[in-house]
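# What the coordinates show
Here is how the chains run, residue by residue.
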Amino acid sequence: MRLICCAAAVVCALLFGVELCSRIKTRVRLLEDICIFSREAMTAVQYRRLPPEQLAAENADSRAEFLRLCAQHVAGGEGFRGAWEAAIAESTETNLLIPEEKRALIELGTGMGRSDTDGEVKRLEAALHRFTQLYEQARSELTAKSKLYLSCSVLCGMAVVILIV
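To start, this report covers the structure provided alongside it. Because the structure is a prediction, the values reported are computed rather than measured. (Residues numbered from 1 in each chain as written. Predicted model: local features only at pLDDT ≥ 70, side-chain atom pairs only at ≥ 80, totals over all residues. Heavy atoms only, no water.)

### Digging into the environment of E78
As a reminder, the rule being used: Helical segments are the DSSP runs of H or I of at least four residues, strand segments are the runs of E of at least two, and each set is numbered from the N terminus. Classification of residues uses two cut-offs on accessible area relative to the type maximum, computed with a 1.4 Å probe and protein chains only: under 20% is buried, over 50% is exposed, and between them is partly exposed. We call two residues in contact whenever any of their non-hydrogen atoms come within 4.5 Å of each other. Distance and chemistry together define a polar contact, namely a pair of N or O atoms within 3.5 Å, with one atom able to donate a hydrogen and the other to accept it when in protein, and with adjacent residues in sequence counting only for side-chain atoms on both sides.
Relative to the helices and strands, E78 is located in the loop between α3 (65-75) and α4 (80-90). Here E78 falls in the partly exposed class, since its relative accessible area comes to 30%. In this structure the C-alpha to C-alpha distance between E78 and E53, which are 25 residues apart in sequence, comes to 9.2 Å. Ignoring anything within four residues of it in the chain, the contact list for E78 reads H73, A83 and A86. Of note is the side chain of E78, whose polar atom sits 3.0 Å from the side chain of H73. For E78, the side chain forms a polar contact with the main-chain nitrogen of A83, separated by 3.3 Å.

### Regarding the packing of helix α1 (residues 2-48) against helix α6 (residues 117-164)
Helices that pack against each other are described as a pair by the angle of their axes relative to one another and the distance between those axes. Let me state the cut-off plainly: Lines are fitted to the C-alpha atoms to define the axes, a helix being fitted only along its stretch in contact, and any angle between axes, read from their N-to-C directions, falls within 0 to 180 degrees. Throughout, the term roughly parallel applies to angles under 35 degrees, roughly antiparallel to angles over 145, roughly perpendicular to angles from 65 to 115, and oblique to all others. Gly counts as polar in this scheme, as do all residues outside two lists: the nonpolar Ala, Val, Leu, Ile, Met, Phe, Trp, Tyr, Cys and Pro, and the charged Asp, Glu, Lys and Arg.
Look at α1 against α6: their axes get within 8 Å of each other, and the N-to-C directions meet at 175°. Here α6 runs roughly antiparallel to α1, going by the angle between their axes. Taken together, the residues of the contact of α1 with α6 break down into 32 nonpolar, eight polar and ten charged.

### Describing the side chain of S38
Within the secondary structure, S38 is located in helix α1. By relative accessible area, S38 is classed as buried at 0%.

### Notes on the nonpolar core
Spelled out, the test is: By nonpolar core we mean a set of buried residues, namely Ala, Val, Leu, Ile, Met, Phe, Trp, Tyr and Cys, connected to one another through side-chain atoms within 4.5 Å.
Grouped together as the largest cluster of nonpolar side chains are 39 residues, with contacts concentrated most on F66, W84, L105, L108 and F131. Sorting the residues of this core by element identifies α1, α2 (52-58), α3, α4, α5 (99-110) and α6 as the ones contributing at least two each. Here this core takes eleven residues from α1, the largest share from any one element. Setting aside residues no more than four positions away along its own chain, F66 makes contact with L30, I34, W84, A87, I88, S91, E93, T94 and L105.

### Section: the side chain of S146
Looking at the secondary structure, you find S146 in helix α6. What S146 contacts, discounting residues up to four positions off in sequence, is C21 and E141.

### A short note on the pattern of salt bridges
Quick reminder of the rule: Criterion for a salt bridge: a side-chain nitrogen of Lys or Arg within 4 Å of a carboxyl oxygen of Asp or Glu.
Taken as a whole and judged by the stated rule, the model has eleven salt bridges. The partner of E101 in a salt bridge is R27, with the nearest N and O atoms 2.8 Å apart. A residue pair is termed long-range when its members are at least 10 positions apart, and E101 in helix α5 and R27 in helix α1 qualify at 74 residues. For the pair formed by E101 and R27, the shared burial category is buried. The shortest N-O distance in the salt bridge between R63 and E32 comes to 3.4 Å.

### Re α5
To keep things clear, this is the line we draw: Take the residue count of a helix, subtract one, and multiply by 1.5 Å to get its expected span.
Under the 1.5 Å per step criterion, the end-to-end length of α5 is 16 Å for twelve residues, consistent within 8% with the ideal 16 Å. Those residues of α5 that sit buried are E101, A104, L105, L108, G109 and T110. Packed against the buried residues of α5 are α1, α3, α4 and α6.

This is the structure in structure tokens:
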């Protein structure tokens, strides 16, 4: 019976560490998707002169949940800025972002469509630069913390085993 409890403790602790690593990976993927969206939006505004509502519609099949939700809100008749904020609030993925990243994401969408094409391109270029930096920070954090979380979870599981035995 003790052996089963010990094995269960180690497995549970390891699963907790894997879950923490998964959250960081999801955050890194989301930041990558935001960089891709920023780059594509910049190109679409610069060369095709697309308004934000059409940008949202083109991202209806995006890998990022909040972009799909934004497209749904816009398709339902909501304005782009309101749809952007509602999508960020509804998305479970955006809860994994740190406050600085979330604030930058809100600013990205709420500022779209407020200036002429040149101003919009410059603003999107600045946003792309900012999100690229945030993405690189998150990637380095993933590398450092994933090993730490897995090691700590196994050690905690072993500590529980020692207490049980």
